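Spelled out, the chains give:
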Amino acid sequence: MKKVSILEKIEKAGIIAVIRGTKKQAYQSVKSCVNGGVKGIELTFTVPEADKIIAQIKEEYDSDPEVCIGAGTVLDVSTAKLAISAGALFIVAPTFNKEVAKLCNLYQVPYIPGCMTVTEIQTALMYGADIIKVFPGSVVGKDFIAAVKAPLPQVNIMPTGGVNLDNMQEWFNAGALVVGTGGNLVGPSSNGDYAKVEQNARAYHEKFVGLKKISN
């Protein structure tokens, strides 16, 4: 799949669920999120055998063009290679890594590195990063997005950390292309309450659809 098509899927998804936990928790959380309408998935490599779960999800949802599964917490080239080989459509990290950026460019896979300063963002853009993960969002705040987009209007931003159902609209209003959310969405998985995860996902999805209608 070409990079442009993947980026379009990410933007259409609007919400990226950040999945952590045990293998079972991660797999069931992905299923619950997709069932609830949140089809952008960042399965982090803090999950044991994350590559196998990515491959399994990719196969199971091959017939659903809206499901977009990527790999998160990708800190080095070897992990990036493993994720891409497993079928990850995009690569996310809490930090920026030049070698990972080069690898993603080589394979035409969108790279979403975590940045916290304008200098880091500029460097990431120079190495071909397609979306910048502003992280942690709870620390830099919503005003940071508008401040960055003043000198760098071309940058696509995904805040992660601090995004929840109540303030999601504020992040989009500030200029976010897409938002990432973890514990506020999939937290109940730690207690095995996947029905609640699906309920949360449905609430997030419905709110995002409502925001799109307003913006159009």
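Placed above this text is the structure.
If you're wondering where the values come from, they're calculated on a predicted model, not measured in any experiment.

### Overview of the sheet that holds strand S7 (residues 132-134)
If you trace the three strands from one edge of the open sheet to the other, you get S6-S7-S8, paired in parallel fashion. Each edge of the open sheet carries a strand with a single partner, namely strand S6 (114-115) and strand S8 (157-159). Across three bridges, the pairing between S7 and S8 is parallel. Across the sheet, Lys133 pairs through a bridge with Met158, a residue of S8.

### Description of the packing of aromatic side chains
Counted under the stated rule, the structure contains three aromatic pairs. Note on Phe96 and Tyr111: the rings are 6.2 Å apart at their centroids and 40 degrees apart in plane angle, and the pair reads as tilted. Placement of Phe96 in the loop between strand S4 (91-92) and helix H5 (98-107) and of Tyr111 in strand S5 (residues 111-112) is noted, with a sequence separation of 15 residues between them. Overall, the relative accessible area of 1% leaves Tyr111 in the buried class. Geometrically, the ring pair formed by Phe96 and Tyr127 is tilted, given 5.8 Å between the ring centres and 55 degrees between the ring planes. Of the two residues, Phe96 sits in the loop between S4 and H5 while Tyr127 sits in the loop between helix H6 (118-126) and S7, which places them 31 residues apart along the sequence. According to the relative accessible area criterion, Phe96 is partly exposed, its value standing at 21%. A network of ring pairs unites the aromatic residues Phe96, Tyr111 and Tyr127 as a single cluster. Positioned above the aromatic ring of Phe135 is the side chain of Lys133, whose terminal nitrogen or guanidinium carbon lies 4.7 Å from the ring centre.

### What to know about the nonpolar core
The nonpolar side chains of a soluble globular protein tend to be buried, and buried together. Residues Cys33 and Ile91 are the most contacted members of the largest nonpolar core, which totals 61 residues. With residues up to four places along the chain from it excluded, the contact list for Cys33 reads Ala17, Ile19, Val38, Ile41, Leu185, Val186, Val197 and Ala201. Core analysis: the second largest hydrophobic core is formed by eleven residues, Cys68, Ile112, Ile131 and Met158 among them.

### Describing helix H4 (residues 77-86)
Residues of H4 that are buried include every one of Thr79, Ala80, Ala83, Ile84 and Ala86, and no others. Looking down the long axis of H4, one finds its buried residues gathered within 160 degrees of arc, a one-sided arrangement. In H4, the exposed positions angled more than 90 degrees off the buried face are occupied by Ser78 and Ser85. Elements in contact with the buried residues of H4: helix H3 (50-60), strand S3 (68-72), S4 and H5. Just downstream of H4 lies Gly87, where phi reads positive at about 115 degrees.

Conventions used here
- Residues numbered from 1 in each chain as written.
- Predicted model: local features only at pLDDT ≥ 70, side-chain atom pairs only at ≥ 80, totals over all residues.
- Heavy atoms only, no water.
- Pairing = 2+ DSSP bridges.
- Helix = DSSP H or I, 4+ residues; strand = E, 2+ residues; numbered from the N terminus.
- Phe/Tyr/Trp six-rings, centres within 6.5 Å; stacked < 30°, edge-to-face > 60°.
- Buried < 20%, exposed > 50% of the residue type's maximum accessible area, 1.4 Å probe, protein only.
- Lys NZ or Arg CZ within 6 Å of the ring centre and 35° of its normal.
- Core = buried A, V, L, I, M, F, W, Y, C linked by side-chain atoms within 4.5 Å.
- Contact = heavy atoms within 4.5 Å.
- Arc of directions from axis to C-beta.

That is the geometry; function is a separate question.
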